[in-house]
Amino acid sequence: MTAPQRDKLPAGEAGTTPLVSRQPGQATTVVSAGSVQFGAEKVVVIGGPCAVENTDQITSIARQVATAGGSMLRGGAWKPRTSPYAFQGLGRDGLALLAQARQASGLPFVTEVLDPRDVMAVAEVADMLQIGSRSVQNFPLLREVGASGKPVLLKRGMMPTIDEWLNAAEYIMAAGGSDVVFCERGIRTFETALRNTLDLGAIAVLRERTHLPVIVDPSHAAGSRRYVTTLARAAVAAGADGLLVETHNDPGNALSDADQSLTPEEFAELTTSCRAIARAIGRDL
Ligand code: PEP
Ligand code: MN
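Residues numbered from 1 in each chain as written. Chains lettered and ligands numbered in written order. Predicted model: local features only at pLDDT ≥ 70, side-chain atom pairs only at ≥ 80, totals over all residues. Heavy atoms only, no water.

Caption draft 1: Local environment of the site of ligand 1. The full set close to ligand 1 counts 13 residues, and Arg 74, Lys 79, Ser 133, Lys 155 and Arg 185 are the nearest of them. One of the side-chain N or O atoms of Gln 130 is found 3.0 Å from an oxygen atom in ligand 1. Contact between ligand 1 and Lys 155: an oxygen atom at 2.7 Å from a side-chain N or O atom of the residue. Relative to its unbound accessible area of 300 Å², ligand 1 is 97% covered by the protein chains. In terms of residue class, the shell around ligand 1 is made up of two nonpolar, four polar and seven charged. (Near = heavy atom within 4 Å. Polar contact = N/O pair within 3.5 Å; in protein donor to acceptor, adjacent residues only side chain to side chain. Areas by Shrake-Rupley, 256 points an atom, 1.4 Å probe, with all protein chains shown as cover. Nonpolar A, V, L, I, M, F, W, Y, C, P; charged D, E, K, R; others polar.)

Here's what the structure looks like:
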């Protein structure tokens with residue numbers, strides 16, 4: 001038996017995240033997921049329900065997202081819920097419904113994978129794999145998605161520091177993944193007026209520290225639909241490469257995150273108002 005090795009960290013300017021860190025003069029990496037490009041001129045808007053509930057729900061929301069100018073669909077097939085008795089998602093059946101909705105709307109989709117054992121099944125159909133806040137330091141899962149060859153949307157954890165978040169992306173890239181997009185979604189602070197505290201400063205810090213694109217999820221930060229558009233506008237002004245927004249055809253009856261889900265009309269207003277800001281800073285949406 002060989003003796004345990006001391007930590008061997010890569011040396012050099014990139015510190016301990018050599019694959020994720022931005023080298024001097026390095027441009028932002030454009031990450032493609034289906035027809036969508038993160039980190040290019042256009043601000044990407046991902047829209048969809050918190051959870052996939054049934055065929056009609058996900059297909060009609062997908063069409064509404066496309067009509068409102070969204071470029072990607074979201075929807076959870078597996079939901080990480082605080083209570084084990086709350087709706088946990090449709091699992092593999094939900095994946096099939098997302099594929100149908102992609103067909104109906106022409107939008108590629110991103111969906112969360114919670115369990116390393118499901119990664120291959122999700123990677124076979126999804127255009128992008130989401131790692132949720134609660135999984136950001138699930139190292140076996142990060143390695144598995146890194147090896148899947150699919151682009152990864154990496155949410156910020158509620159508690160990890162930006163350094164720990166960068167290291168989570170490094171796990172994915174060290175396992176062979178090349179396409180990671182960071183998603184700031186609010187962190188836990190002393191403040192309880194909103195569900196989480198959106199850390200817009202993280203956009204500026206990540207811009208400096210990594211060559212990978214950064215998007216913002218105003219929905220899980222706000223926790224209430226009243227605040228979502230304000231946070232989305234601020235994120236675009238701060239230079240986010242995209243937005244991930246929860247929207248539902250019948251928010252009052254959504255099976256999860258009902259309070260923060262925008263109506264289709266509110267979602268359309270959000271894209272219109274964020275487009276004006278994107279254009280004002282030399283981008284588009
Ligand atoms: C989600 O996107 O539905 C979700 C569960 O988000 P988070 O992991 O950021 O809580
Ligand atoms: Mn949600």
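Now that the structure has been shown, we can carry on.
Caption draft 2: Focus on the pairing of strand 8 (residues 180-184). Burial runs high along strand 8: five of the five residues are buried. The alternating pattern of strand 8 places Val 180, Phe 182 and Glu 184 on one face and Val 181 and Cys 183 on the opposite face, and all of these are buried. Where strand 7 (residues 152-155) lies against strand 8, four bridges are found, and the strand directions are parallel. Bridge pairing in strand 8 places Leu 153 opposite Val 181. (Buried < 20%, exposed > 50% of the residue type's maximum accessible area, 1.4 Å probe, protein only. Helix = DSSP H or I, 4+ residues; strand = E, 2+ residues; numbered from the N terminus. Pairing = 2+ DSSP bridges.)

Caption draft 3: Structural detail: helix 4 (residues 139-147). Residues of helix 4 that are buried: Leu 141, Leu 142, Val 145 and Gly 146. When helix 4 is viewed along its axis, its buried side chains cluster within an angular range of 135° and face the same direction. For helix 4, the exposed residues lying more than 90 degrees away from the buried face are Pro 140 and Ala 147. In this fold, the buried residues of helix 4 make contact with helix 3 (119-125), strand 6 (128-131), strand 7 and helix 5 (162-174). A positive phi of about 85° marks Gly 149, the residue just after helix 4. (Arc of directions from axis to C-beta. Contact = heavy atoms within 4.5 Å.)

Caption draft 4: A look at the state of the cysteines. With the rule as written, the count across this model stands at zero disulfides. Lacking any disulfide linkage, Cys 183 is separated from the closest cysteine sulfur, that of Cys 50, by 13 Å. Given a relative accessible area of 0%, Cys 183 falls into the buried group. (Disulfide = S-S within 2.5 Å.)

Caption draft 5: Quick peek at the packing of aromatic side chains. What the rule picks out here adds up to two aromatic pairs. Taking the centre distance of 4.2 Å and the plane angle of 20° together, the rings of Phe 139 and Tyr 171 count as stacked. Here Phe 139, found in helix 4, pairs with Tyr 171, found in helix 5; they are 32 residues apart in sequence, far enough to count as distant. Residue Tyr 171 is classed as partly exposed on the basis of its relative accessible area, which comes to 29%. Taking 5.2 Å as the distance between ring centres and 90° as the angle between the ring planes, the aromatic pair formed by Trp 165 and Phe 182 counts as edge-to-face. One end of the pair, Trp 165, is in helix 5; the other, Phe 182, is in strand 8, and 17 residues separate them in sequence. (Phe/Tyr/Trp six-rings, centres within 6.5 Å; stacked < 30°, edge-to-face > 60°.)

Caption draft 6: Highlighting the packing of helix 8 (residues 225-237) against helix 9 (residues 264-280). Between helix 8 and helix 9, the least distance of the axes is 9 Å, while the angle of their chain directions is 20°. In terms of their interaxial angle, helix 8 and helix 9 are classed as roughly parallel. The hand of the helix 8/helix 9 crossing is right-handed. Counting all contacts with helix 8, which are made through Arg 225, Val 228, Thr 229, Ala 232, Arg 233, Val 236 and Ala 237, the residues of helix 9 involved are Glu 266, Leu 270, Ser 273, Cys 274, Ile 277 and Ala 278. The residue inventory of the contact of helix 8 with helix 9, partitioned by class, reads eight nonpolar, two polar and three charged. (Axes fitted to C-alpha atoms, helices over the stretch in contact; angles between N-to-C directions. Parallel < 35°, antiparallel > 145°, perpendicular 65-115°, else oblique. Left-handed = near helix turned anticlockwise from the far one by under 90°.)

Caption draft 7: Layout of the coordination of the manganese ion (ligand 2). For the manganese ion (ligand 2), the protein coordination sphere consists of Cys 50 (SG), His 220 (NE2), Glu 246 (OE) and Asp 257 (OD), at 2.0 to 2.4 Å. We note that the donor set of the manganese ion (ligand 2) lies within a single chain, spaced as C-x169-H-x25-E-x10-D. Taken as a pair, His 220 in helix 7 (residues 218-222) and Glu 246 in strand 10 (residues 242-246) lie far apart in primary sequence, 26 residues in all. Accessibility expressed as a relative area gives 8% for His 220, which makes it buried. (Donors = N, O, S within 2.8 Å, 3.2 Å for Na, K, Ca; no water.)

Caption draft 8: Highlighting helix 1 (residues 55-67). In a regular helix each residue adds 1.5 Å, so 13 residues correspond to 18 Å; helix 1 covers 18 Å between its end C-alpha atoms and thus fits that length. Considered for burial, the residues of helix 1 that qualify are Gln 57, Ile 58, Thr 59, Ile 61, Ala 62 and Val 65. Summarising the contacts, the buried residues of helix 1 are in contact with strand 3 (44-48), strand 4 (72-74), helix 2 (92-105) and helix 9. Near the N-terminus of helix 1, the side chain that reaches the backbone nitrogen of Asp 56, with its oxygen 3.2 Å away, is that of Asn 54. Remark: Gly 69 follows helix 1 within two positions and exhibits a positive phi of approximately 100°. (Expected span 1.5 Å × (residues − 1).)

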